[in-house]
Amino acid sequence: MEFKKKILCIGAGYVGAPSMVMIAWKCPDYKITVVDINARRIDAWNSDKLPVYEPGLDAIVRKTRGRNLFFSTDVEKQIQENDIIFVCVNTPTKTFGAGAGMAADLQYWEKTARQILDNSQSSKIVIEKSTLPIKTALAMERILASGKGDITFDVLSNPEFMAEGTAIDDLENPDRVLIGSRETESGLAARAELAEIYSHWISSDKIITSNIWSAELSKLVANAFLAQRVSSINSISALCEKADADISEVARAVGTDSRIGPKFLKAGIGFGGSCFKKDILNLVYLCHFYGLPEVAAYWESVVKINEYQQERFIANVLRSMFNTLAGKKICVLGFAFKADTGDTRESPAINITRMLLAEHAEVVITDPKALGNAAADLAGEKGKISYIEDPYLASSGCHALAIMTDWDLYRRLDYSKIYQSMIRPAFIFDGRNIVDQQKCFEIGFNVFPIGKPALTRL
Ligand code: NAD
Ligand code: UGA
């Protein structure tokens, strides 16, 4: 079959692959190829067991793979063959040198830019889909312009706003698609070419265009604002616990103001995921770089409150369980950083499990999708850890349940049955406020919610 356009994506991770799967599904006349240097990942994308768990993803991959969607490790050949290239490689926090612990590590990004330059025999549109510091496109342009010959490259910024667990719906019905470009004749033509792809399923009023630096910065700012709401509500949850107010009631009262809105006001053990912390720290670094220490301190406090919330949670567990966890068995319900994903990157459950182990507790971890990642995250930790998928078996013989992930499954468990199999007094630390806390108290548990008075007989 002759395809109308050929599109390449470099980076087959949580974002690159699902976003290309969506383009392949919505644009059957385009050929989409996704490449990665990680051969195991590519093999998994070509198998029946995809490397990413995302509701609805398998069905679309089955419809498109081998038709107009292809996964490959041959990065160089694919660069030669495609003229529209999305770059969706990882941009983690730098762990060494200047800016360590804050700035984005751009080594994967720069390597990709050089690979594109070395393997291009025709002009190309290169699209930043990774989340990047402002002015990365300039570095990209300079690398790409350093080649000999008369081929040209237009760099666009098209940050991705999907969230894990809802990626398919977010990609199919996004609030907006943002395309930043240079405002030159060829920049605007490249912008139009990319907008044309999205226009297959997204209405034109949702395709927003801007200058390229605004687009790069908007992605960092959107994540910073979302994380800030979580830290804001979590900070108030601490006050609620002291002053007998109920954080759910406060969130409802505040969120019904249409100027504030109800979303992202769920108090819990803090935000996880690969991006919020990394992107805020990157923003903080940029503010320092541009000589804005007050702005940097403002955003850094969002991360500090997130850490405080996890420390507060463990302090509460310790205090409530008579100031000793040594030898006690704690069941950690959920290890993924949120429901409907197997991703555990920066999951609060990692820190909280480490803090439990530091108190010499024995930890039993259960999760419907994330046990493999949990075991990898905790490899090398000292202490007793076991991994049991069945929550009833996992909680049997435990002193306490610590709910870390808002899996719907945990709302619907038979807590009477669980209570029967636990050591008394039995505790629930509901880090997501998802169980029926009054009912659990009536069953016999001592219940410690977030941001609400504890229900306890002790
Ligand atoms: P990821 O680690 O899951 O995937 C990145 C992939 O890029 C890896 O498989 C890696 O092997 C590959 N890669 C690295 N260098 C390469 C190279 N030179 N050639 C080919 N492949 C290469 O990361 P992710 O979660 O998909 O995130 C990617 C980017 O998207 C990040 O900048 C992130 O901030 C951003 N983002 C992530 C999300 C999310 O929900 N995870 C949402 C929006 C934006
Ligand atoms: C987030 C953003 O929502 C996406 O728009 C963005 O594209 C993505 O980061 C990214 O750049 O990687 P994601 O991290 O996948 O998406 O998931 P979220 O739904 O934002 O949740 C992040 C964390 O905040 C989770 O740990 C979640 O449990 C927590 N959270 C969220 C709360 O504790 N309370 C809330 O009210 C909402």
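Now for a description of the structure that goes with this document. None of these values were measured; they are calculated from a predicted model.

**Some words on the pattern of salt bridges**
A pair can form between side chains of opposite charge whenever their charged atoms are brought close.
Now for step 1: Within this structure, the stated rule accounts for 20 salt bridges.
Now for step 2: Here Arg312 and Glu241 are joined by a salt bridge, their closest N and O atoms 2.8 Å apart. Within this pair, whereas Arg312 is found in helix 12 (residues 293–320), its partner Glu241 is found in helix 9 (residues 212–243), the two being separated by 71 residues in sequence.
Now for step 3: On the accessibility criterion, Arg312 (16% relative accessible area) is buried.
Now for step 4: Its relative accessible area of 25% is what places Glu241 among the partly exposed residues.
Now for step 5: In this structure, Asp246 engages Lys452 in a salt bridge whose closest nitrogen and oxygen atoms are separated by 3.5 Å. Taken together, the residues Asp246 in the loop between helix 9 and helix 10 (247–255) and Lys452 in the segment after strand 14 (446–448) connect sequence positions 206 residues apart.

**Details of the site of ligand 2**
Now for step 1: Within the structure, ligand 2 sits among 19 residues, and Phe161, Met162, Lys219, Cys275 and Arg432 are positioned closest to it.
Now for step 2: Within the side chain of Asn223, one N or O atom sits 2.8 Å away from an oxygen atom of ligand 2.
Now for step 3: With respect to ligand 2, the side chain of Lys338 contributes an N or O atom lying 2.8 Å from an oxygen atom.
Now for step 4: With the chains in place, 89% of the 700 Å² that ligand 2 exposes on its own is no longer accessible.
Now for step 5: Sorting elements by how many residues they give to the shell around ligand 2 places helix 9 first, with four residues.
Now for step 6: Classifying every residue of the shell around ligand 2 gives 11 nonpolar, two polar and six charged.

**Some points on the nonpolar core**
For soluble globular proteins, the rule of thumb is that nonpolar side chains tend to be buried together.
Now for step 1: Ile7, Ile23, Phe86 and Tyr198 are the most contacted members of the largest nonpolar core, which has 43 residues in total.
Now for step 2: Among the elements that make up this core, the one with the highest residue count is helix 1 (residues 16–26) (six residues).
Now for step 3: The residues touching Phe86, leaving out its near neighbours within four places in the chain, are Ile7, Leu8, Cys9, Ile10, Met20, Ile23, Ile127, Lys129, Asn158, Leu194 and Tyr198.
Now for step 4: Listed in part, the 40 residues of the second largest apolar core include Val35, Val89, Leu144 and Val284.

**Concerning the pairing of strand 6 (residues 153–157)**
Now for step 1: In terms of residue burial, strand 6 counts as a mostly covered element, since five of its five residues are buried.
Now for step 2: Burial along strand 6 is two-sided: Phe153, Val155 and Ser157 facing one way and Asp154 and Leu156 facing the other are all buried.
Now for step 3: Note that strand 5 (residues 124–128) and strand 6 share five bridges and pair parallel. Bridging from a neighbouring strand, Val126 pairs with Val155 of strand 6.
Now for step 4: A crossover connection joins strand 5 to the parallel strand 6 through helix 6 (residues 136–144); in handedness this β-α-β unit is right-handed.

**Quick notes on the layout of surface pockets**
Now for step 1: In this model, the second largest pocket occupies a volume close to 420 Å³.
Now for step 2: For the second largest pocket, the lining is made up of 22 residues, of which Ala104, Leu106, Pro133, Ile134 and Thr136 are closest to its centre.
Now for step 3: Partitioning the lining of the second largest pocket into residue classes produces 16 nonpolar, two polar and four charged.

The rules behind each value
Residues numbered from 1 in each chain as written. Chains lettered and ligands numbered in written order. Predicted model: local features only at pLDDT ≥ 70, side-chain atom pairs only at ≥ 80, totals over all residues. Heavy atoms only, no water. Salt bridge = Lys/Arg side-chain N within 4 Å of Asp/Glu carboxyl O. Helix = DSSP H or I, 4+ residues; strand = E, 2+ residues; numbered from the N terminus. Buried < 20%, exposed > 50% of the residue type's maximum accessible area, 1.4 Å probe, protein only. Near = heavy atom within 4 Å. Polar contact = N/O pair within 3.5 Å; in protein donor to acceptor, adjacent residues only side chain to side chain. Areas by Shrake-Rupley, 256 points an atom, 1.4 Å probe, with all protein chains shown as cover. Nonpolar A, V, L, I, M, F, W, Y, C, P; charged D, E, K, R; others polar. Core = buried A, V, L, I, M, F, W, Y, C linked by side-chain atoms within 4.5 Å. Contact = heavy atoms within 4.5 Å. Pairing = 2+ DSSP bridges. Right-handed = clockwise from strand over helix to strand, strands pointing away. 1 Å grid on protein atoms, 1.4 Å probe; cavity = no way out; pocket = protein on both sides within 12 Å on 5 of 7 lines; lining within 4 Å. Points joined across faces, edges and corners; volume = space filled by probe spheres on them.

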